[in-house]
Amino acid sequence: MAAKATTTIRQGMNYQPEHAAWFAANQVLFNQVAAFYFEVIQAHEKILDLGDQDALSALEQLTHATKKNPHPVMPLSSIGKDIPAMFRRAAIHAALGAARSFYAHLKKWRTRRAKVMAKGKKFLERPPVPPRSWNTSATFYYGQWKGRTSSSILLKVWTGSCWSWLKVRLTGRELPNKAQAGSPALLQRGGQWWLHTPVEKQFKRPQKIETQVSTHADTRICAVDLNLTEQIAVCTVQTVEGTILATCFIGGGREISGFRKRQLGRIARNRRKTGIIAENEQDNAARWQKIQRRDDHHAHLVSTRIVQFAQAQQASILVFEHLGNLKPTRGKYSHRGNTKRTFWMKGRIFRYAKYKAWNEGIITSRVSPWNTSRECARCQSLVARYAQGQLEEGYTSGAPLVLCPACSMRGNADRNASLNIGQRLVARYKKQAVQEKPPTPLLAKTGDQSSALPPERGSKDTGVVVCQEVKSAEGPSIPSTRHADANEHGTAQGGSLRMEKRSSDIPCQLRLFTE
Ligand SMILES: [Zn+2]
């Protein structure tokens, strides 16, 4: 079966300076019409029980005068005369989307409130509010645009006084040939108007993770450990069997958190001065936005690099940890705020990476974060975590190095965690196989051979991505073609053989997790 992925093609536009005012007027009208339909929906909530097509008909019935329907209940003509049908429909669609989202949130809020009230407690959470102001970009349905070529398009816009066709030249990336293009939208960014067109790509639906893991021993899994420290993301690629193929450190955490801390510090100082706590205080609002934009930009950069790395390593599965709950931290306002923002950013990196990966046919999953940093990726004993120059014992949260007292594995703590995350996904689907197998004995070794995890790499100070391939010291001696052929129907039998073979450089045993 085919799968779909949507991406957006962003094109610049060449237009006369005075036309910028038309685009702005067009957007204002679009938002007025959308806001109007939101109100109509609020007055007729039952419309939301209908599918989009029926909801559209119902809304037009309520608002649009025709010969058959000369006096609609809430006439759109109160907003503007002669609004083209396709303009109206695009605005209705925007209003429906916003209304569905708003009422879904409201419903959840009511459920939470009922739960809390049933326990006889006070419910303090404020209800979601409908959008107070509308600032959606105007979508152009076919009829509002025509004559699209690779370098130009005709748009029908509201100039502020009339409807007018306008030809604009397009610059930048062209629409891909085979992709299905959706309705373009006009957006203003940085003083310029852009045309954004969603395009749909079809590709072969990737196999389910379970199928990939249980039937192909050479399936490559890219596991990602997200951090609060300098290395924002540490990615490792390993096969289902446990052969470690590559590691990638994505840095820049210190820079982003430093920037954020400075901004938060300034906000805190402002608050002390003015005694105002409100986040929307003018001066601070700009700072919040600045932080927001930087974080978002960074989340995009990091997620893109993660997916690029996974692609380059031919991984077909991407796996993260569940984020868990935000733990309250002590300390200064700027510190607490920073921790909170880092937590949100992790969520954003995950979301962005998930859709970017899907666009490349890579499936994303999450595993339990329980002890991923504390266990040895090779033998699952508890590790010592420490910083350079410290005693190699105990567990210092956030320290960069690990040493496994049981198997002498040494290495980077985040990389060890990343490997554990990947193994945990495999373990989820291999419970059966493991239960049938006797535990593989652990070989206590000394010297170089035992160091499964290579020592830390050097340049960590620059915020530059350091990618490094780590070929496993002893690859499987069985030709890889045999894996694929012999293991079509499960890997339990061949698994133990291969695992013994590589007991020196890979985790030898998969454990059980209750998730
Ligand atoms: Zn170990």
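The structure presented is a predicted model; accordingly, all values stated were derived computationally and were not measured.

Trainee: If you had to explain the overall build of the protein to someone new, which residues and values would you point to?
Mentor: Scanning the protein from terminus to terminus reveals 10 helices and 17 strands. A total of 515 residues make up the protein; the buried ones form 45% of that total. In the protein, 68% of the contacts between residues at least 6 apart in sequence involve partners at least 24 apart.

Trainee: Provide a residue-level description of the pairing of strand 5 (residues 163-171), including the pertinent values.
Mentor: Pairing between strand 1 (residues 2-14) and strand 5: three bridges, direction antiparallel. Each bridged residue has a counterpart across the sheet, and for asparagine 14 the counterpart in strand 5 is arginine 169. As paired elements, strand 4 (residues 152-158) and strand 5 share seven bridges and run antiparallel to each other. Bridge assignment links serine 152 to a residue of strand 5, and that residue is arginine 169.

Trainee: So what's going on with the nonpolar core? Which residues, and what values?
Mentor: In this structure, Met13, Phe23 and Tyr37 are the most contacted members of the largest nonpolar core, which totals 50 residues. Looking at this core, the elements that each hand over two or more residues are helix 1 (19-43), helix 2 (52-63), helix 3 (85-118), strand 4, strand 5 and strand 8 (192-204). For phenylalanine 23, the contacting residues outside a window of four places in its chain are Met13, Tyr15, Val157, Leu166, Val168, Leu186 and Trp193. The next biggest cluster of nonpolar side chains, apart from the first, holds 28 residues, and it includes Ile250, Ile306, Ala353 and Ala357.

Trainee: Give me the coordination of the zinc ion: which residues, what numbers.
Mentor: At the metal site, the zinc ion is ligated by Cys376 (SG), Cys379 (SG), Cys404 (SG) and Cys407 (SG), and these contacts range over 2.2 to 2.3 Å. Sequence spacing of the donors to the zinc ion: C-x2-C-x24-C-x2-C. The residues cysteine 404 and cysteine 407 share a single accessibility class, namely buried.

Trainee: Lay out the pattern of salt bridges with the relevant residues and their values.
Mentor: The final tally for this structure, using the stated rule, is nine salt bridges. A salt bridge links aspartate 52 to arginine 100; the shortest N-O distance between them is 2.7 Å. Here arginine 100 lies in helix 3 and aspartate 52 lies in helix 2, a separation of 48 residues in the sequence. Here glutamate 375 makes a salt bridge to arginine 424, at a shortest N to O gap of 3.8 Å. One end of the pair, glutamate 375, is in the loop between strand 13 (363-367) and strand 14 (384-386); the other, arginine 424, is in helix 8 (residues 413-436), with 49 residues separating them in the sequence.

Trainee: Can you break down the packing of helix 2 against helix 3 residue by residue, with the values?
Mentor: With their axes 11 Å apart at the nearest point, helix 2 and helix 3 run at an angle of 115° to one another. It follows that helix 2 is roughly perpendicular to helix 3 by the angle criterion. The handedness of the crossing between helix 2 and helix 3 is right-handed. For the pair helix 2 and helix 3, the contacting residues are Asp52, Ala55, Leu56, Leu59 and Glu60 in the first and Arg88, Arg89, Ile92, His93, Leu96 and Arg100 in the second.

Trainee: Provide a residue-level description of the packing of aromatic side chains, including the pertinent values.
Mentor: Under the counting rule described, the total for this entry stands at 14 aromatic pairs. Ring geometry for phenylalanine 203 versus tryptophan 358: centroids 5.6 Å apart, planes at 65°, classification edge-to-face. Of this pair, phenylalanine 203 sits in strand 8 while tryptophan 358 sits in helix 7 (residues 333-359), and the two are 155 residues apart along the sequence. Assessed through its relative accessible area of 16%, phenylalanine 203 is described here as buried. Each ring, one from tyrosine 352 and one from tyrosine 355, has its centre 6.2 Å from the other, and the planes form 75°; the classification is edge-to-face. On the criterion of helical spacing, the pair formed by tyrosine 352 and tyrosine 355 is a turn pair, its members being three residues apart in helix 7.

Trainee: If you had to explain the confidence of the model for the protein to someone new, which residues and values would you point to?
Mentor: A residue-level look at the protein finds 79% of positions with pLDDT of 70 or above and a mean pLDDT of 81. Per-residue pLDDT stays below 50 along residues 437-452; that stretch engages in 25 contacts with residues further than four places along the chain or on separate chains.

Trainee: Requested: an account of helix 3, with residues and values cited.
Mentor: Taking 1.5 Å of rise per residue, the 34 residues of helix 3 would be expected to cover 50 Å, and the 48 Å separating its terminal C-alpha atoms lies within 8% of that figure. Looking at the residues trailing helix 3, positive phi occurs at glycine 120, about 80°.

Trainee: Mind laying out a positive patch on the surface, listing which residues take part and the relevant values?
Mentor: On the surface, Lys261, Arg262, Arg266, Arg269, Arg272, Lys290, Arg293, Arg294 and Lys332 cluster together to form a positively charged patch. Of all the secondary structure elements, the ones that give two or more residues to the positive patch are helix 5 (253-274) and helix 6 (282-312). The greatest single-element share of the positive patch, amounting to five residues, is contributed by helix 5.

Trainee: Now, about the environment of methionine 345: what can you tell me, with residues and values included?
Mentor: As for its position among the elements, methionine 345 is in helix 7. Expressed as a C-alpha distance, the spacing of methionine 345 and alanine 299, which sit 46 residues apart in the sequence, is 6.4 Å. Discounting residues that sit within four places of it in the chain, methionine 345 has contacts with Ile232, Arg260, Asp295, His298 and Ala299.

Trainee: Can you explain the pairing of strand 1? Please cite residues and give values.
Mentor: Sheet analysis places strand 1 next to strand 8, joined by 11 bridges and oriented antiparallel. Its bridge partner being in strand 8, threonine 7 is matched across the sheet by valine 199.

Trainee: Talk me through the packing of helix 1 against helix 3; I want residue IDs and the actual numbers.
Mentor: Where helix 1 meets helix 3, the closest approach of the two axes is 8 Å, and the angle between their N-to-C directions is 50°. Relative to helix 3, the element helix 1 lies oblique. Regarding helix 1 and helix 3, the two cross each other, and that crossing is right-handed. Residues Asn26, Leu29, Phe30, Val33, Ala34, Tyr37, Phe38, Ile41 and Gln42 of helix 1 form the contact with helix 3, whose own contacting residues are Phe87, Arg88, Ala90, Ala91, Ile92, Ala94, Ala95, Leu96, Ala98, Ala99, Phe102 and Tyr103.

Trainee: Pulling in residues and values, what's your account of the side chain of serine 368?
Mentor: Assignment of secondary structure puts serine 368 in the loop between strand 13 and strand 14. For serine 368, the side chain forms a polar contact with the main-chain nitrogen of tryptophan 370, separated by 3.1 Å.

Trainee: Could you give me a rundown of the layout of surface pockets, with the residues and numbers involved?
Mentor: As a volume, the second largest pocket reaches approximately 470 Å³. Taken together, 23 residues make up the lining of the second largest pocket; nearest its centre are Thr7, Thr8, Arg173, Asn359 and Glu360. Of all the secondary-structure elements, those providing two or more residues to the lining of the second largest pocket are strand 1, strand 8, helix 6 and helix 7. Classifying every residue of the lining of the second largest pocket by side-chain character gives six nonpolar, 10 polar and seven charged.

Cut-offs and rules
- Residue numbers run consecutively from 1 along every chain, following the written order of its sequence.
- The predicted origin of the model limits local features to residues at a pLDDT of at least 70 and limits the giving and counting of side-chain atom pairs to 80 or more, whereas totals for whole chains, interfaces and linings rest on all residues.
- To obtain the side-chain values, all non-hydrogen atoms of the structure were used and water was disregarded.
- Numbered from the N terminus, helices here are DSSP runs of H or I no shorter than four residues, and strands are runs of E no shorter than two.
- Relative accessible area decides the class of each residue, using a 1.4 Å probe on protein chains only: under 20% of the type maximum gives buried, over 50% gives exposed, and in between gives partly exposed.
- Contacts were defined at the residue level, with two residues in contact if any of their heavy atoms lie within 4.5 Å.
- Note: two strands are recorded as paired if DSSP finds a minimum of 2 bridges between them.
- Take the buried residues of types Ala, Val, Leu, Ile, Met, Phe, Trp, Tyr and Cys, join any two whose side-chain atoms come within 4.5 Å, and each joined set is a nonpolar core.
- Think of the donor list as every N, O and S atom within 2.8 Å of the metal, or within 3.2 Å for Na, K and Ca; water never makes the list, so a site can look incomplete.
- One speaks of a salt bridge when a side-chain nitrogen belonging to Lys or Arg is within 4 Å of a carboxyl oxygen belonging to Asp or Glu.
- For every element, the axis is a line fit to its C-alpha atoms; helices are fit only across the contacting stretch, and the angle between N-to-C directions ranges from 0 to 180 degrees.
- Roughly parallel means an angle under 35 degrees; roughly antiparallel, over 145; roughly perpendicular, 65 to 115; everything else is oblique.
- By definition, turning the near helix anticlockwise from the far helix through less than a right angle yields a left-handed crossing, and turning it clockwise yields a right-handed one.
- When two rings of Phe, Tyr or Trp (its six-membered ring) have centres within 6.5 Å they constitute a pair, described as stacked for plane angles under 30 degrees, edge-to-face for angles over 60, and tilted for the intermediate range.
- Values of pLDDT, which run from 0 to 100, indicate the predictor's confidence residue by residue.
- What a helix is expected to span follows from its residue count: subtract one and scale by 1.5 Å.
- Patch rule: a residue counts if its relative accessible area is over 30% and it has no salt bridge; like charges are joined within 9 Å, and nonpolar side chains (Val, Leu, Ile, Met, Phe, Trp, Tyr) within 5 Å.
- The method behind every accessible area is Shrake-Rupley, applied with a 1.4 Å probe, and residues are considered shielded solely by the protein chains displayed.
- Charged residues are defined narrowly, with Lys and Arg counted positive, Asp and Glu counted negative, and His plus the chain ends left uncounted.
- By convention, the charge on Lys lies at NZ, on Arg at CZ, on Asp at CG and on Glu at CD.
- Counted as a polar contact is a pair of N or O atoms within 3.5 Å, where, for protein atoms, one must be capable of donating a hydrogen and the other of accepting one, and residues adjacent in sequence contribute only when both atoms are in side chains.
- In the cavity and pocket records, a cavity denotes points on a 1 Å grid over the protein atoms alone where a 1.4 Å probe fits but cannot get out, a pocket denotes an open set with protein on both sides within 12 Å along at least 5 of 7 lines, and lining residues are residues with an atom within 4 Å of a point.
- Grid points are joined across faces, edges and corners, and a volume is the space filled by probe spheres set on the points.
- Nonpolar residues are Ala, Val, Leu, Ile, Met, Phe, Trp, Tyr, Cys and Pro. Charged residues are Asp, Glu, Lys and Arg, and all others, Gly as well, are polar.

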